[in-house]
Amino acid sequence: MSGKKRSGNRTSNYLISYKKDELKKNSLYYLGKLRSNFMGTEFNIYDNGQNPKKCHDPNLVRENLGVVIYVIGIFY
């Protein structure tokens, strides 16, 4: 498994693939993506489905597989 940061995005966005040499969204080895919020405190993991805003078939829409949230605070 391999990942690559995608440039040209406002937030951190990583492509995830089965093969390190096949890091393209249209590859057969494309698994999905990891995307962060603006602050970098929340990361969402999506499968290889399509963006719901651009897809007309509900069966092809990507799913959120998980979330990692960093809480920054002071503990006493």
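This is a predicted model, so every value here is computed, not measured.

Student: With reference to specific residues and values, describe the overall build of the protein.
Tutor: Helices and strands together make up the secondary structure of the protein, namely 0 helices and 5 strands. Moving toward the C terminus, one meets the helices and strands of the protein in the order β-β-β-β-β. Expressed along its principal axes, the backbone C-alpha trace of the protein runs to roughly 50 × 30 × 20 Å. The proportion of buried residues among the 76 residues of the protein is 24%.

Student: Which residues make up the environment of Lys24, and what values do they have?
Tutor: Of note, Lys24 is situated in the loop between β2 (13-17) and β3 (30-36). Not counting chain neighbours up to four residues away, the residues in contact with Lys24 comprise Leu15 and Tyr30.

Student: So what about the packing of aromatic side chains? Which residues, and what values?
Tutor: One pass over the structure, following the stated rule, counts 1 aromatic pair. With a centroid separation of 6.1 Å and an interplanar angle of 85 degrees, the aromatic rings of Phe43 and Tyr70 are classed as edge-to-face. Here Phe43, found in strand β4 (residues 42-46), pairs with Tyr70, found in the segment after β5 (64-69); they are 27 residues apart in sequence, far enough to count as distant. The ring of Tyr46 has Arg62 lying over it, and the distance from NZ or CZ to the ring centre is 4.6 Å.

Student: Outline a nonpolar patch on the surface, listing residues and values.
Tutor: A cluster of nonpolar side chains, Tyr18, Leu28 and Tyr29, forms an exposed patch at the surface whose accessible area comes to about 390 Å². Turning to its location among the elements, Tyr29 is positioned in the loop between β2 and β3.

Student: Tell me about the side chain of Asn44, and name the residues and values.
Tutor: Position of Asn44 relative to the elements: it lies in strand β4. What makes Asn44 buried here is its relative accessible area of 12%. At a separation of 3.0 Å, a polar atom in the side chain of Asn44 contacts the side chain of Asn64. Apart from residues lying up to four places away in sequence, Asn44 is in contact with Lys33, Leu34, Arg35, Asn64, Gly66 and Val67.

Student: Describe in detail the sheet that holds β3, supporting the description with residues and values.
Tutor: By way of backbone hydrogen bonds, the strands of a sheet pair with one another, either parallel or antiparallel. As summarised here, the arrangement of the 5 strands in space is β1-β2-β3-β4-β5, forming an open sheet in which the pairing is antiparallel. Edge positions in the sheet fall to β1 (2-5) and β5, since each has one partner strand and no second. Going across the sheet, the axis of each strand differs from the next one's by a mean of 20 degrees, ignoring polarity. Sheet topology places β1 next to β2; 4 bridges connect them, and they run antiparallel. In the sheet register, Gly3 faces β2, and the bridge partner there is Ile16.

Analysis parameters
Residues numbered from 1 in each chain as written. Predicted model: local features only at pLDDT ≥ 70, side-chain atom pairs only at ≥ 80, totals over all residues. Heavy atoms only, no water. Helix = DSSP H or I, 4+ residues; strand = E, 2+ residues; numbered from the N terminus. Buried < 20%, exposed > 50% of the residue type's maximum accessible area, 1.4 Å probe, protein only. Contact = heavy atoms within 4.5 Å. Phe/Tyr/Trp six-rings, centres within 6.5 Å; stacked < 30°, edge-to-face > 60°. Lys NZ or Arg CZ within 6 Å of the ring centre and 35° of its normal. Patch = residues over 30% accessible without salt bridge, like charges linked within 9 Å, V, L, I, M, F, W, Y side chains within 5 Å. Areas by Shrake-Rupley, 256 points an atom, 1.4 Å probe, with all protein chains shown as cover. Salt bridge = Lys/Arg side-chain N within 4 Å of Asp/Glu carboxyl O. Polar contact = N/O pair within 3.5 Å; in protein donor to acceptor, adjacent residues only side chain to side chain. Pairing = 2+ DSSP bridges. Axes fitted to C-alpha atoms, helices over the stretch in contact; angles between N-to-C directions.

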